[in-house]
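Listed below are the residues making up each chain.
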Number of protein chains: 2
Amino acid sequence: MKFCRFKALDRVRYGLVDGPIVTELRGSPFERYELTSVRRPLDRVKLLTPCIPGTFYAAGMNYLSHITETAAAIGEEVKAPDKPDVGYRAINALIAHEETIVIPSDATEEVQYEGELVAVIGRKTHRVSEDEALGAVLGYTIGNDVSERSWQRSDRTMWRSKNTDTFKPMGPWIETKVNFNRMVTSVRINDELVSEFPTANMIFGVAAYISAMSRYLTLYPGDVIWMGTDGPTQNLKDGDSVQVSVTGIGALRNPVSREEPAIPNQ
Amino acid sequence: MKFCRFKALDRVRYGLVDGPIVTELRGSPFERYELTSVRRPLDRVKLLTPCIPGTFYAAGMNYLSHITETAAAIGEEVKAPDKPDVGYRAINALIAHEETIVIPSDATEEVQYEGELVAVIGRKTHRVSEDEALGAVLGYTIGNDVSERSWQRSDRTMWRSKNTDTFKPMGPWIETKVNFNRMVTSVRINDELVSEFPTANMIFGVAAYISAMSRYLTLYPGDVIWMGTDGPTQNLKDGDSVQVSVTGIGALRNPVSREEPAIPNQ
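Residues numbered from 1 in each chain as written. Chains lettered and ligands numbered in written order. Predicted model: local features only at pLDDT ≥ 70, side-chain atom pairs only at ≥ 80, totals over all residues. Heavy atoms only, no water.

Section: the pairing of strand β4 (residues 33-41) of chain A
Consecutive side chains along a regular strand alternate between the two faces of the sheet.
Residues and elements named next belong to chain A.
Here's step 1: Pairing analysis gives six bridges linking strand β3 (residues 21-27) to β4, with the strands arranged antiparallel. The partner of Gly 27 across the bridge, within β4, is Tyr 33.
Here's step 2: With antiparallel pairing between neighbouring strands as the criterion, β3 and β4 make up a hairpin whose turn holds five residues. (Pairing = 2+ DSSP bridges. Helix = DSSP H or I, 4+ residues; strand = E, 2+ residues; numbered from the N terminus.)

Dropping the structure here:
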């Protein structure tokens, strides 16, 4: 099943996507819901991010070759993690499918995509084993962990390199049934394939992260865990369209726009 | 004015605290509210954290002497920041005034308090100057940035050292009118004064943080910025009561309990 969140008649609702049709829900997939009789063409609804996370987790370095690439890009030694120490991203940066990634005027050219699988938590979860962990997941969506590499090098934290407004596209919906073994993540810029990797090639998988995290913290419905990226990253520029696809989920597409520099005061 | 959030008759409400009395509000100080005629004794309501932040920001290293202390505690060189690069904490870890800080059974003895001023954002804010920045703030509350130092040293991120469930007491309420120049932050363990510092001795103040952050990101009502701590930190142990006070705001008090180790499987 594919759960989406959308705006219609100025109200936010959840829906069930079936091909070109969205059936509206009463309630939410994170609590309790019923199907309604309202059906809308998918291409006529304004999709929102499929949830607004309470806490926005990100695995960070979770594929071996991405660690080598990042080390080269930021000019620092980066070690492969020996345990799943999770990181964070910020709510302000989230945008939905088809919304625009806006590059600030003072960013360098090095604003790059990172295509990621996203696990969406469906139930309150504390101290689960790896065997139980996937039961905490409502489903999976797609994230693009847009990053400004010069700020990633220069700043003490990743606040603006990773969390500038619009730098966290997420969507288009949550797919509840996936097959990790067949999953491929691919990124296209203007329809040209620029990165492709087996999604499950992670150092620590979804179950390992959830089990380790839940030893110390409670996960809540709507929390998301971005699982990291692999492969080469490239610069995004004004006018580009960037698309992250994950087999069995769908495609998250966002146009890119660079902000005009402000006119200096005379 | 002091805004609190509390639970009464299983509903969450906001209130205005005046001495020993809470007057219930209809609505919220983050949107629009009216006073109601319902008044309750403060000592009979269950206070909640005064808001649930959309994004939970933390200044981190923001007092010179704390940087020296931390460097000694974690055994690494730590430089004073040259600009306000903000960090993050997590929602799962928040607890209210009088709720219990629970130390996991596998934590070391080095679980320490950090008393902090917290700025609570009151309006949607983007690209404000330092002069305008304090207009974004609804008011101020108090935070205790409880930290497990061995995990701070060993982990790739601060996820469990700082964000284990119950490690982020915040409250008791939001005070809208403060005087930075007279503000002193003090920490007491079991009524003994263990730390005291002028709150305004920050490397970068609230206005500097908000202005710098808002260049790249939008702040939303209910977002919080924890402003960092100064002075010595000490271990918290089972049975302690830890209290962080800030002049003009009030006192945030939390009991401390250490979890019993699990009985191993036979």
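A word on the domain arrangement of chain A
Residues and elements named next belong to chain A.
Here's step 1: The domain boundaries assigned to chain A delineate domain 1 (1-48) and domain 2 (49-258).
Here's step 2: Listed per partner, the contact involves 13 residues of domain 1 and 20 residues of domain 2.
Here's step 3: Buried surface at the junction of domain 1 and domain 2, both sides included, amounts to about 1,300 Å², of which 58% is carbon and sulfur.
Here's step 4: Summed over the three residues of domain 1 that lose the most area to domain 2, namely Lys 2, Phe 3 and Phe 30, the buried surface amounts to 43% of that side.
Here's step 5: Along the contact surface separating domain 1 from domain 2 lie two salt bridges.
Here's step 6: Linking Lys 46 and Glu 99 is a salt bridge whose minimum nitrogen-to-oxygen distance equals 2.7 Å.
Here's step 7: Elements with a minimum of two residues in the side of domain 1 that touches domain 2: β1 (2-8), β2 (11-18) and β5 (46-48).
Here's step 8: When residues of the side of domain 1 that touches domain 2 are assigned to their parent elements, the largest contribution, four residues, is made by β1.
Here's step 9: The residue makeup of the side of domain 1 that touches domain 2, split by class, is ten nonpolar, no polar and three charged. (Domains from an automatic or database assignment. Contact = heavy atoms within 4.5 Å. Buried area = accessible area lost by both parts, 1.4 Å probe. Salt bridge = Lys/Arg side-chain N within 4 Å of Asp/Glu carboxyl O. Nonpolar A, V, L, I, M, F, W, Y, C, P; charged D, E, K, R; others polar.)

Some remarks on the sheet that holds strand β16 (residues 192-198) of chain A
Residue and element names in this part refer to chain A.
Here's step 1: With mixed pairing, five strands are arranged side by side in an open sheet as β9-β19-β18-β15-β16. Strand pairing shows two members of the sheet lacking a second neighbour, β9 (101-103) and β16, which therefore form its edges. If you compare each strand with its neighbour and ignore which way they point, the axes differ by 20° on average. (Axes fitted to C-alpha atoms, helices over the stretch in contact; angles between N-to-C directions.)

Some words on the pattern of salt bridges
Here's step 1: The full count for this structure, using the stated rule, is 38 salt bridges over all chains.
Here's step 2: Between Asp 145 of chain A and Arg 89 of chain A there is a salt bridge whose closest N-O contact spans 3.1 Å. Taken together, the residues Asp 145 of chain A in the loop between β12 (137-144) and β13 (147-148) and Arg 89 of chain A in the loop between β7 (87-88) and β8 (94-95) connect sequence positions 56 residues apart. When sorted by exposure, Asp 145 of chain A lands in the same class as Arg 89 of chain A, which is buried.
Here's step 3: A salt bridge links Lys 168 of chain B to Asp 145 of chain B, with the nearest nitrogen and oxygen atoms 2.9 Å apart. Of this pair, Lys 168 of chain B sits in strand β14 (residues 168-175) while Asp 145 of chain B sits in the loop between β12 (137-144) and β13 (147-148), and the two are 23 residues apart along the sequence.
Here's step 4: Classification of Asp 145 of chain B by relative accessible area gives buried; the value is 1%. (Buried < 20%, exposed > 50% of the residue type's maximum accessible area, 1.4 Å probe, protein only.)

Examining the packing of aromatic side chains
Here's step 1: In total, this model carries 18 aromatic pairs over all chains according to the counting rule given.
Here's step 2: Taking the centre distance of 5.4 Å and the plane angle of 85° together, the rings of Tyr 140 of chain B and Phe 180 of chain B count as edge-to-face. You can see Tyr 140 of chain B sitting in strand β12 and its partner Phe 180 of chain B sitting in the loop between β14 and β15 (184-189), a full 40 residues away along the chain.
Here's step 3: Since its relative accessible area comes to 4%, Tyr 140 of chain B is described here as buried.
Here's step 4: Grouping aromatic residues by their ring pairs yields a cluster made of Trp 151 and Trp 159 of chain A together with Tyr 216 of chain B.
Here's step 5: The ring of Tyr 216 of chain A has Arg 215 of chain A lying over it, and the distance from NZ or CZ to the ring centre is 5.0 Å. (Phe/Tyr/Trp six-rings, centres within 6.5 Å; stacked < 30°, edge-to-face > 60°. Lys NZ or Arg CZ within 6 Å of the ring centre and 35° of its normal.)

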